[in-house]
Amino acid sequence: MAAAALRPAILRRIRLFPSPSLPLAAAAAASHPHALARWLARPMSSHDAHLSREEVVDRVLDVLKSHPKVDPAKVNPEAHFEKDLGLDSLDTVEVVMAIEEEFKLEIPDLEADKIDSLPLAIEYVANHPMAG
């Protein structure tokens, strides 16, 4: 089944919550002490300030590192989801959805199907005018 068909099926059946549970947040804060402060300090609207490429890279890498099927040691800005990180098409849909949540974006299915690596994800978010 193509990723375009999987995405709507997943969206109909699961609900993602924007804030992680307290133990997960504490673990994330321990491994990335400035991540919470950076998240709290970010503008609430993309109209206030556009994200720097460095911030996009850091946040996309953090999203991938927090995915349960990804070995954080393998995550780098050039990684391919399937070849380098071992993700299948369903995992890739979940990652793209997590990126949408992180940056408060809605990525159209045709564009989401093309995002199969970190460089493409970073490029899409960095160039999106509403990324927050």
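Above: the structure in question.
Everything numeric in this text was worked out from a predicted model, so none of it was measured.

On to the packing of helix α4 (residues 53–65) against helix α5 (residues 89–103). In the contact formed by α4 and α5, the axes pass within 10 Å of each other and the chain directions differ by 135°. Comparing the axis directions of α4 and α5 gives the class oblique. Of the two possible hands of crossing, α4 and α5 adopt the one that is right-handed. Residues Val 56, Arg 59, Val 60, Val 63 and Leu 64 of α4 touch α5, and the partners they reach there are Val 95, Ala 98, Ile 99, Glu 102 and Phe 103. Its residues placed into classes, the contact of α4 with α5 shows eight nonpolar, no polar and two charged.

By the element assignment, Ser 89 lies in helix α5. Given the relative accessible area of 38%, Ser 89 is considered partly exposed. Sequence separation between Ser 89 and Asp 116 is 27 residues, and the spatial gap between their C-alpha atoms is 8.9 Å.

Right, let's talk about the pattern of salt bridges for a bit. Side chains that differ in sign of charge can pair as their charged atoms come close. Counted under the stated rule, the structure contains five salt bridges. Linked through salt bridges whose partners overlap, the residues forming this network are Glu 55, Arg 59 and Glu 102.

With that settled, consider α4. Helix length check: α4 (13 residues) gives 18 Å between terminal C-alpha atoms against 18 Å at 1.5 Å per residue, within 8%. Residues of α4 that are buried include every one of Glu 55, Val 56, Val 57, Arg 59, Val 60, Leu 61, Val 63 and Leu 64, and no others. In this structure, the buried side of α4 is in contact with α5 and α7 (118–127).

Two elements in contact, α4 and α7, have axes whose closest approach is 9 Å; the angle formed by their N-to-C orientations is 130°. As far as their axial angle goes, α7 and α4 are oblique. Helix-helix and strand crossings are classified by hand; for α4 and α7 the assignment is right-handed. Here α4 contributes Arg 53, Val 56, Val 57, Val 60, Leu 61 and Leu 64 to the contact with α7, which in turn contributes Leu 118, Ala 121, Ile 122, Glu 123, Val 125 and Ala 126. Considered class by class, the residues forming the contact of α4 with α7 number 10 nonpolar, no polar and two charged.

All right, on to the side chain of Glu 100 then. Position of Glu 100 among the secondary structure elements: in helix α5. Apart from the residues within four sequence positions on either side, Glu 100 is in contact with Arg 7, Leu 105, Glu 106 and Ile 107.

Together, Glu 82, Asp 88, Glu 94 and Asp 116 line one region of the surface with negative charge. Position of Glu 82 relative to the elements: it lies in the loop between α4 and α5.

How each quantity is defined
- Residues numbered from 1 in each chain as written.
- Predicted model: local features only at pLDDT ≥ 70, side-chain atom pairs only at ≥ 80, totals over all residues.
- Heavy atoms only, no water.
- Axes fitted to C-alpha atoms, helices over the stretch in contact; angles between N-to-C directions.
- Helix = DSSP H or I, 4+ residues; strand = E, 2+ residues; numbered from the N terminus.
- Parallel < 35°, antiparallel > 145°, perpendicular 65-115°, else oblique.
- Left-handed = near helix turned anticlockwise from the far one by under 90°.
- Contact = heavy atoms within 4.5 Å.
- Nonpolar A, V, L, I, M, F, W, Y, C, P; charged D, E, K, R; others polar.
- Buried < 20%, exposed > 50% of the residue type's maximum accessible area, 1.4 Å probe, protein only.
- Salt bridge = Lys/Arg side-chain N within 4 Å of Asp/Glu carboxyl O.
- Expected span 1.5 Å × (residues − 1).
- Patch = residues over 30% accessible without salt bridge, like charges linked within 9 Å, V, L, I, M, F, W, Y side chains within 5 Å.
- Areas by Shrake-Rupley, 256 points an atom, 1.4 Å probe, with all protein chains shown as cover.
- Lys, Arg positive; Asp, Glu negative; His and termini not counted.
- Charge placed at Lys NZ, Arg CZ, Asp CG, Glu CD.

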